[in-house]
Amino acid sequence: MMVALVRGGGAAVSKLSGILEGHGIPFRRVPFGQRTAFIVEAESPAAREAMAECGEVERVAVTREPFPLVSREVVEENTVVRLTTSRGTVEIGGRAPVLIAGPCSVEGENMLLATARTVTEAGGAVLRGGAFKPRTSPYSFQGLGVRALELLALARQETGLPVVTEVMTPEQVPLVARYADILQIGARNMQNFTLLQEAGQAGRPVLLKRGPGATVQEWLLAAEYVLLQGNPNVILCERGIRTFETSTRHTLDLSSAVVAKRLSHLPVIVDPSHATGRRDLVPAMALAAVAAGLDGVMVEVHPDPAHALSDGPQSLTFDGFAGMAEAMFRVAEASGRPMARGPVLAAVS
Ligand code: PEP
Ligand code: MN
């Protein structure tokens, strides 16, 4: 494929559109951060000449990968997803890794606020918590829905942490986007293409989990769906794949997370809680992800894991979480990527 990047969305964009149309070259035009991307599926000398004729094209890239907007072949520098709250700014994909943590499900006000305070004190940057839960069994707890969204908004107000929560259907996107700072697309929904498109139009960053049976290419093509809607703020999350191994819930595919980071300019994080399904393995895998140069981790933490309504066995206790966070700060420091504790206050404008 061929991609031409043009600054802004004004005269240069109309000019290149006119030239390509004039030459009968089919193309797609997408807002792409501060730029506009023109995608021509079939590379040809005619397309090349048309792009040169425009005179205002910042960059022309020919891609071997089938996901041009997501590919490093087109954007060499890392994409940084920025979130701003009352307490400051969080950067995902910048120099430092980030710690995202919270309960699997929002179960009530007290447990959420207690967990949010623990996440804040330990230096976490983003609070997670499920409102709409994709559960394997229809008899399992399905989440508190809108009430959970309200509680996440309350926790954000109390702590200043931005929040991420899962959206399960295209219809839910506007509702969840009113409350959440980041829309999570769950592993089971990675190839729900209408959901990806809807989330791409919601004006919020999207955290896209890798499906347990998806290849890296399928995962990055799923991200391409979101970017093609004009939303460049996608965070990729490896959360374990299905293998023959039964001692862990899934197998954390750390090398594929690093592959994704090589192939794409998007931030890549790891979720060792869902990957391992075991609290005792979560810290080791979280530290490995930081040491591997990835952009952060997302973990589950609960005030009373033995009585959690979902994913208790993999949820860290408050003490376990604080210990893991401290170790993460040390590994990040030793890797030359020291982490900020929580949102960076100085960056509030
Ligand atoms: C979650 O993060 O709450 C979750 C359900 O994860 P996954 O989609 O990776 O199973
Ligand atoms: Mn969970």
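Fair warning: this is a prediction, and the values are worked out from it, not measured in the lab.

Engineer: Can you walk me through the nonpolar core in this structure?
Structural biologist: Buried together is how nonpolar side chains tend to be arranged in soluble globular proteins. One finds Leu208, Leu236 and Phe321 to be the most contacted residues of the largest nonpolar core, which totals 79 residues. It is helix α7 (residues 216-227) that contributes the most residues to this core, seven residues altogether. When residues of this core are assigned to domains, at least three map to each of domain 1 (2-62) and domain 2 (81-334). Not counting the four nearest positions on each side in its chain, leucine 236 is found in contact with Leu208, Trp219, Leu220, Ala223, Ala260, Ser264, Leu266, Pro267, Val268 and Ile269. Among the nonpolar cores identified, the runner-up in size contains 16 residues, and Ala4, Val40, Ala47 and Cys54 belong to it.

Engineer: Help me understand the packing of helix α1 (residues 11-22) against helix α2 (residues 45-54) in this model?
Structural biologist: Helix packing geometry: the angle between the two helix axes and the distance between the axes. Contact geometry for α1 and α2: axes closest at 9 Å, N-to-C directions at 145°. Note on packing geometry: the crossing formed by α1 with α2 is right-handed. Along the contact surface, α1 presents Ala12, Lys15, Leu16, Ile19 and Leu20, while α2 presents Ala50, Met51, Glu53 and Cys54. In terms of residue class, the contact of α1 with α2 is made up of seven nonpolar, no polar and two charged.

Engineer: Help me understand the site of ligand 1, please; the structure alone is not making it clear to me.
Structural biologist: Close contacts around ligand 1 come from Arg128, Lys133, Pro134, Glu166, Gln184, Gly186, Ala187, Arg188, Lys209, Arg239, His274 and Glu300, and that covers them all. The separation between an oxygen atom of ligand 1 and a polar side-chain atom of arginine 128 is 2.7 Å. When ligand 1 is considered free in solution it has 300 Å² of accessible area, and contact with the protein chains removes 97% of it. Looking at the shell around ligand 1 residue by residue, the classes come out as two nonpolar, three polar and seven charged.

Thresholds, definitions, all that
Residues numbered from 1 in each chain as written. Chains lettered and ligands numbered in written order. Predicted model: local features only at pLDDT ≥ 70, side-chain atom pairs only at ≥ 80, totals over all residues. Heavy atoms only, no water. Core = buried A, V, L, I, M, F, W, Y, C linked by side-chain atoms within 4.5 Å. Buried < 20%, exposed > 50% of the residue type's maximum accessible area, 1.4 Å probe, protein only. Helix = DSSP H or I, 4+ residues; strand = E, 2+ residues; numbered from the N terminus. Domains from an automatic or database assignment. Contact = heavy atoms within 4.5 Å. Axes fitted to C-alpha atoms, helices over the stretch in contact; angles between N-to-C directions. Left-handed = near helix turned anticlockwise from the far one by under 90°. Nonpolar A, V, L, I, M, F, W, Y, C, P; charged D, E, K, R; others polar. Near = heavy atom within 4 Å. Polar contact = N/O pair within 3.5 Å; in protein donor to acceptor, adjacent residues only side chain to side chain. Areas by Shrake-Rupley, 256 points an atom, 1.4 Å probe, with all protein chains shown as cover.

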